[in-house]
Amino acid sequence: MAVTEPTATGNTGSAWSVRDGLASLDEPAVLLKGALDAVFTRWGTEAGARQQSYPPLLPAEELRTLDYFRNFPHLGSTVARIRPDRLAALGALPPGATALPAADLADATHMLPSAACYGCFLHLTGTSADTPVLITTVAQCFRNEDHHDGLRRLWGFTMREIVCIGSAEAVRAHLDRHRERIAAFGAALGLTLDRQPATDPFFQKDGARTLMQMLAPVKDEYLHTDGTAVASTNNHRNFFGERRGIRHAGRPAFTGCVAFGLERWVHALGDLFEGDLAAALHAVRQAGRYS
């Protein structure tokens, strides 16, 4: 049975509600989310990133080249069309039916994105550049989590990313620069963020890159006091460059991204400001000017 999660309140009443891992935001939360995204977008554009958007669906056959179904099959959300020969049968389903029978669906050829950067790397397939390329993008992302928890862990959520494609040194500098900005922004807000290494299995679990990842972690998460990861910095090394033929200065490009879960930031600031999202919004606008 679906359960509506607890709501947070702002000056105009309930600011959000969550049902089955899907969030509805009222104006105070919408404004706060937008202000946060404006700050993170500006960080990207100030670094020289172009703003781009990508298709909302990703071809499964292209994700397969990234070992997605070896590493992330538990998170994937497929998109399937209704079979033309089953349209009449679906129309005859009883009113109380809660799902479309799998037998009535065609094979799924596309997936909903679980991270914003996948669309970026698929778009850049076969490209080459002699100077670093920076891109910022935002996407509705979906992860089939084993449980949902308010805005902290959603099925569908919004992710802003700032992506760097270039040399290993350029990627490291990109991530270091944004580690400093995340820390400074959190401090200006009065938000305690604990930076912790994490592992993200972009690489095959039995591959050489996995051993390298264990020796030198490639992902840092920034945790609110309740353990909610609101941001991460990710060094993919040359994995996407090799798999998708993305080249920098004649060699497979290195890539890295800075990712922000916008609803998670709304949760953390709602917690910090005890539900006063108007005060949180004011703080974000003030801190954003100097971060």
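Here we summarise the structure given alongside this text. Values in this document were obtained by computation on a predicted structure and should not be read as measured data.

A few points about the overall build of the protein chain
Then, in step 1: A count of helical and extended segments in the protein chain gives 10 helices and 16 strands.
Then, in step 2: When the 291 residues of the protein chain are sorted by exposure, 46% land in the buried category.
Then, in step 3: A fraction of 71% describes how many contacts in the protein chain between residues 6 or more apart in sequence connect residues 24 or more apart.
Then, in step 4: Working note: accessible area of the protein chain is about 14,200 Å², and carbon and sulfur atoms make up 53% of it.

Comments concerning the packing of aromatic side chains
Then, in step 1: This model, assessed by the stated rule, comprises 13 aromatic pairs.
Then, in step 2: When the centroid spacing of 5.4 Å and the interplanar angle of 75° are considered together, the rings of Tyr68 and Phe69 count as edge-to-face.
Then, in step 3: With 4.3 Å between their ring centres and 20° between their planes, Phe121 and Phe240 make a pair best called stacked. With Phe121 in helix α5 (residues 117–123) and Phe240 in helix α8 (residues 239–244), the pair connects residues that are 119 residues apart, well separated along the chain. Per residue, the accessibility class of Phe121 equals that of Phe240, and both read buried.
Then, in step 4: Within the aromatic cluster, the residues linked to one another by ring pairs are Tyr68, Phe69, Phe72, Tyr118, Phe121, Phe239 and Phe240.

Concerning the sheet that holds strand β5 (residues 58–59)
Then, in step 1: With respect to topology, three strands assemble into an open sheet ordered β5-β7-β6, the strand pairing being antiparallel. A strand with exactly one partner marks an edge of an open sheet, and here the two such strands are β5 and β6 (77–79).
Then, in step 2: Where β5 and strand β7 (residues 110–112) come together, two bridges link them in antiparallel fashion. Its bridge partner lying in β7, Pro59 is registered against His110.

Quick word on the pairing of strand β12 (residues 219–223)
Then, in step 1: Of all five residues making up β12, four are buried, and the element is well covered by its neighbours.
Then, in step 2: Relative to β12, strand β11 (residues 194–198) runs antiparallel, the two being bridged by five bridges. From the neighbouring strand, Gln196 faces β12, where its bridge partner is Glu221.
Then, in step 3: Both β12 and strand β13 (residues 229–237) contribute to a ladder of five bridges, which runs antiparallel. Residue pairing across strands places Asp220 opposite Thr233, the latter belonging to β13.
Then, in step 4: Taking the residues between adjacent antiparallel strands as the criterion, β12 and β13 are bridged by five residues, where Gly227 takes a positive phi near 90°.

Focus: unusual backbone geometry
Then, in step 1: A positive phi angle, near 60°, is found at Asp67, a position not held by glycine.
Then, in step 2: Along the chain, Asp67 turns up in the loop between α2 (60–64) and α3 (68–71).
Then, in step 3: The class for Asp67 is buried, based on a relative accessible area of 7%.
Then, in step 4: One non-glycine residue, Ala249, lies in positive phi territory at about 50°.
Then, in step 5: On the secondary structure map, Ala249 appears in the loop between β14 (247–248) and β15 (251–252).

Focus on helix α10 (residues 277–290)
Then, in step 1: The first and last C-alpha atoms of α10 sit 20 Å apart over 14 residues, in line with the 20 Å expected at 1.5 Å per residue.
Then, in step 2: By the burial criterion, the buried members of α10 are Leu277, Ala280, Leu281, Ala283, Val284, Ala287 and Gly288. One face of α10 carries all of its buried residues, which in axial projection span an arc of 165°. The exposed set on the far side of α10, more than 90 degrees from its buried face, consists of His282, Arg289 and Tyr290.

Concerning the packing of helix α6 (residues 168–189) against α10
Then, in step 1: Viewed as axis vectors pointing N to C, α6 and α10 meet at an angle of 135°, and their least axial separation amounts to 9 Å. Overall, the two elements α6 and α10 adopt an arrangement that is oblique. Our pair here, α6 against α10, has a crossing hand that is right-handed. Residues Phe185, Ala188 and Leu189 of α6 form the contact with α10, whose own contacting residues are Ala283, Val284, Ala287 and Gly288.
Then, in step 2: Each residue belonging to the contact of α6 with α10 can be placed in one class, and the counts come to six nonpolar, one polar and no charged.

Rules of the game
- Residue indices follow the written sequence of each chain, beginning from 1 at its first position.
- In keeping with the model being predicted, local features are shown solely for residues with a pLDDT of at least 70 and side-chain atom pairs are shown and tallied solely at 80 or more, while totals for entire chains, interfaces and linings include all residues.
- Hydrogens are left out, water is left out, and the side-chain values use all remaining heavy atoms of the structure.
- Only DSSP runs of H or I covering at least 4 residues are called helices, and only runs of E covering at least 2 are called strands; the numbering of each starts at the N terminus.
- Summary of the burial criterion: residues with accessible area below 20% of their type's maximum are buried, those above 50% are exposed, and those between are partly exposed, where the area comes from a 1.4 Å probe applied to protein chains only.
- Note on contacts: a residue pair qualifies if any of its non-hydrogen atoms lie within 4.5 Å across the two residues.
- Exposure was quantified through the Shrake-Rupley algorithm and a 1.4 Å probe, taking into account, for residues, occlusion by the shown protein chains and nothing else.
- Aromatic rings from Phe, Tyr and Trp, taking only the six-membered ring of Trp, are treated as a pair when their centres fall within 6.5 Å; an angle between ring planes under 30 degrees marks them as stacked, one over 60 as edge-to-face, and anything in between as tilted.
- Think of it this way: DSSP has to see at least two bridges between two strands before they count as a pair.
- Each helix should span, by expectation, one fewer than its residue count multiplied by 1.5 Å.
- As used here, the arc is the angular range of directions from the helix axis to the C-beta atoms.
- Geometry is summarised by axes, namely lines fitted to C-alpha atoms with helices restricted to the contacting stretch, and by angles between N-to-C directions that run from 0 to 180 degrees.
- Put simply, angles under 35 degrees are roughly parallel, angles over 145 are roughly antiparallel, angles from 65 to 115 are roughly perpendicular, and the rest are oblique.
- By convention, the crossing between two helices is left-handed when the near helix turns anticlockwise from the far helix through less than a right angle, and right-handed when the turn is clockwise.
- Gly counts as polar in this scheme, as do all residues outside two lists: the nonpolar Ala, Val, Leu, Ile, Met, Phe, Trp, Tyr, Cys and Pro, and the charged Asp, Glu, Lys and Arg.

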